[in-house]
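In case you want the letters, here they are:
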Amino acid sequence: MTGIWAAASTIRCPRAVGLYALVLTFISALSWAAAPAAAEQQSIVSSSGDAVATLTYQRTGGASGGANYTDAQLRISRGGTSYYEAPVHSSGCPSECALEATAGNPLSFADLEGDGQPDLILRLNTGGAHCCGIVQIFTFDPGVMAFRKIERDFGDPGAKLVELGGNGQLAFVSGDDRFAYEFAPYAYSPLPLQIWQLQDGQFLDTTKNFPQQLTVDASKQFRLFLFNRRLGLGLGCLAAWAADEELLGHGRAVSALLVRELRRHNLHSRESLSPGGKAFVEKLGRFLKSTGYASR
C-alpha cells in the first residue's frame, strides 16, 4: 500500500500543469500591466539676453496616452547667477498644475511693461472640462536682486499674449469668465472681451483702453444674439454685447435696445438658467453693476 501511495504521489496531470502555468503567466502579465511607468526626467529651457529659465519635471505616461507632470521645478538665472529656484506652485491647483500644452512652449520671455527688461511667462492649467488657464509672471526686481512672481487665473478662456495698439504694447486677451452660465447654457454664453496688461508689477484690466477691439467684439456678440434669439438662446450673447457697450460708454444705447427688444418679445429664454422678458433686463442690470460694467 505504501508503494502504491508513493507511486501515486509521483503522478502529474499534464492538463493541470498546463492550466497552472497559464494562470501564473496571466497573473504576471497583469502585474506588468499594472506597474506604473517609470518617471522620465524632462526639461524646458527659454532664454532672452543673459536671462535663462529652466523648467524641470518628471513626466510619466498617462493611462489615456497623455502625460502627467510632477515635481516641476523652476530656475531663473541672469548672467550665469541664479536668482530664483523653487517648485512650481499655484493656489489655483489643489495639488500640482499641469503644464499648458495648448500654448506650445509653456515657458517664454517677453518685455511686458516696455521697460527693456524681459519678464518670464509660465503657463499652467488646472485641468477639467471648463477650467482653467493660469499665467505666472516672474519679474526681476533690482532693488532686492530677486524675481517676484505674479499670478492670474484666467478661467476657462485662458489668455493669449498679443501686440495691440500698433506701438508694441503687449497684452493678455481673454474673456470675462463670470458671464459663463449666467444667462444661458455654456455653449450659448460667449464672454465679453477682457484685456489685461502688466503695469507696475501687477495685472491690470485695461480693456477700456482698446475701443477698437471692444467695438469689434460687441458687433460679433450682437450678431450672435440675432442668430440665436428665435431659439430662445440669445440672452447670453446679448449680455456679452451689453458689457462691451457699457465699457465703450454706450449705456443709453444699451438701455434703448433692451426696451426695444422687450417690446418685440425677443427676450425669451428656452432654458431655466435665466428669466426672460422684463426679469432678464432687471437681472442683467444688477449683474452689470455688480461686475463693474455699469454704475447707474
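**Student:** Could you clarify how one ought to interpret the nonpolar core in this entry?
**Tutor:** Nonpolar side chains in soluble globular proteins generally cluster together in the buried interior. Of all hydrophobic cores here, the largest spans 32 residues; its most connected members are Phe179, Phe183, Leu238, Trp241, Phe280, Leu284 and Leu288. Those elements giving two or more residues to this core turn out to be strand E12 (193-199), helix H3 (211-228), helix H4 (235-247), helix H5 (251-263) and helix H6 (277-290). For this core, the element with the highest residue contribution is H4, accounting for 8 residues. Each residue touching Leu288, except ones within four places of it in the same chain, is listed here: Phe179, Ala242, Ala243, Glu246, Tyr293 and Ala294. Counting 23 residues, the second-largest nonpolar core is a separate cluster that includes Leu55, Val88, Cys93 and Leu122.

**Student:** Can you walk me through the state of the cysteines in this structure?
**Tutor:** Linking two cysteines covalently via their sulfur atoms produces the bond known as a disulfide. Under the definition given, this model contains 1 disulfide. The disulfide that involves Cys131 links it to Cys132, with 1.6 Å between the sulfurs. Overall, Cys132 belongs to the buried group, its relative accessible area being 7%.

**Student:** Can you help me understand H3 in this one?
**Tutor:** It helps to recall that an α-helix has 3.6 residues per turn; residues three or four apart then point in one direction. With 18 residues, H3 should cover 26 Å at 1.5 Å per step; its first-to-last C-alpha distance of 26 Å lies within 8% of that length. When H3 is considered as a whole, its buried residues turn out to be Leu214, Asp217, Ala218, Gln221, Phe222, Phe225 and Asn228. Axial view of H3: buried residues confined to an arc of 140°, hence all on one face. Opposite the packed face of H3, turned more than 90 degrees from it, sit the exposed residues Gln212, Val216, Arg223 and Phe227. In the core, the buried residues of H3 are packed alongside E12, H4 and H5.

**Student:** I keep staring at the packing of H4 against H5 and nothing clicks. Help me out?
**Tutor:** Relative placement of two packed helices is described by the angle separating their axes and the distance separating the axes. One way to put it is that H4 packs onto H5 with a least axis distance of 8 Å and a crossing angle of 155°. By the angle between their axes, H4 is roughly antiparallel relative to H5. Seen along the crossing, H4 lies across H5 with a hand that is right-handed. When H4 is examined against H5, the residues Leu238, Trp241, Ala242, Glu245 and Glu246 are found in contact with a partner set consisting of Gly251, Ala253, Val254, Leu257 and Leu258.

**Student:** What am I meant to see in the confidence of the model for the protein here?
**Tutor:** One rule of thumb: low pLDDT means the predicted coordinates there are not for detailed reading. On average, residues of the protein score 83 in pLDDT, and 82% of them are at 70 or above. Taken as a whole, residues 1-36 scores under 50 in pLDDT and shows 0 contacts with residues more than four places along the chain or in a different chain. The model gives residues 62-67 a pLDDT under 50, and that stretch makes 6 contacts with residues more than four places away or in other chains.

**Student:** What is the right way to look at the pairing of strand E8 (residues 133-141) in this model?
**Tutor:** As a general feature of sheets, a regular strand has side chains that alternate between the two faces. Counting buried positions along E8 gives 8 out of 9 residues, so the element sits mostly inside the fold. Relative to strand E9 (residues 146-153), E8 runs antiparallel, the two being bridged by 8 bridges. Bridge assignment links Phe138 to a residue of E9, and that residue is Lys149. Taking the residues between adjacent antiparallel strands as the criterion, E8 and E9 are bridged by 4 residues, where Met145 takes a positive phi near 55°.

**Student:** Looking at this model, I keep getting lost on the packing of H4 against H6. Mind explaining?
**Tutor:** One can describe the packing of H4 onto H6 by two numbers: an axis separation of 11 Å at closest approach and a directional angle of 45°. Comparing their axes, H6 and H4 come out oblique. You can see that H4 and H6 cross each other, and the crossing is right-handed. For the pair formed by H4 and H6, the contact residues are Leu235, Leu238, Ala239, Ala242, Ala243 and Glu246 on the first element and Phe280, Leu284 and Leu288 on the second.

**Student:** Explanation requested: H5 in the structure shown.
**Tutor:** Relative to the 18 Å expected for 13 residues at 1.5 Å per residue, H5 spans 19 Å between its end C-alpha atoms, a close match to the ideal helical length. By the burial criterion, the buried members of H5 are Gly251, Val254, Leu257, Leu258 and Glu261. Looking straight down H5, one finds its buried side chains confined to an arc of 125°; they lie on one side. Exposed residues lying more than 90 degrees from the buried face of H5 are Arg252 and Arg263. The elements touched by buried residues of H5 are H3, H4 and H6. Of the residues flanking the end of H5, it is His265, one or two places downstream, whose phi is positive at about 60°.

**Student:** Explanation requested: the packing of aromatic side chains in the structure shown.
**Tutor:** Any two aromatic rings considered together are summarised by their centre-to-centre distance and by the angle between their planes. On inspection of all chains with the given rule, the structure shows 13 aromatic pairs. Between Phe179 and Phe287, the ring centres sit 4.9 Å apart and the planes meet at 90°, which makes this aromatic pair edge-to-face. Pair noted here: Phe179 is in the loop between strand E11 (169-175) and E12 and Phe287 is in helix H6, with a separation of 108 residues, a long-range link. Each member of the pair, Phe179 together with Phe287, is buried. Judged by centre distance (5.5 Å) and plane angle (50°), the rings of Phe222 and Trp241 are tilted. Pair noted here: Phe222 is in helix H3 and Trp241 is in helix H4, with a separation of 19 residues, a long-range link. The class of Phe222 is buried, set by a relative accessible area of 18%. Chaining the aromatic ring pairs together yields one cluster made of Phe179, Phe183, Phe280, Phe287 and Tyr293. Sitting over the ring of Phe140, Arg78 keeps its end group 4.1 Å from the ring centre. Against the face of Trp196 rests Arg152, its NZ or CZ located 3.6 Å from the ring centre.

Thresholds applied
- Residues numbered from 1 in each chain as written.
- Predicted model: local features only at pLDDT ≥ 70, side-chain atom pairs only at ≥ 80, totals over all residues.
- Heavy atoms only, no water.
- Core = buried A, V, L, I, M, F, W, Y, C linked by side-chain atoms within 4.5 Å.
- Buried < 20%, exposed > 50% of the residue type's maximum accessible area, 1.4 Å probe, protein only.
- Helix = DSSP H or I, 4+ residues; strand = E, 2+ residues; numbered from the N terminus.
- Contact = heavy atoms within 4.5 Å.
- Disulfide = S-S within 2.5 Å.
- Expected span 1.5 Å × (residues − 1).
- Arc of directions from axis to C-beta.
- Axes fitted to C-alpha atoms, helices over the stretch in contact; angles between N-to-C directions.
- Parallel < 35°, antiparallel > 145°, perpendicular 65-115°, else oblique.
- Left-handed = near helix turned anticlockwise from the far one by under 90°.
- pLDDT = per-residue confidence, 0-100.
- Pairing = 2+ DSSP bridges.
- Phe/Tyr/Trp six-rings, centres within 6.5 Å; stacked < 30°, edge-to-face > 60°.
- Lys NZ or Arg CZ within 6 Å of the ring centre and 35° of its normal.

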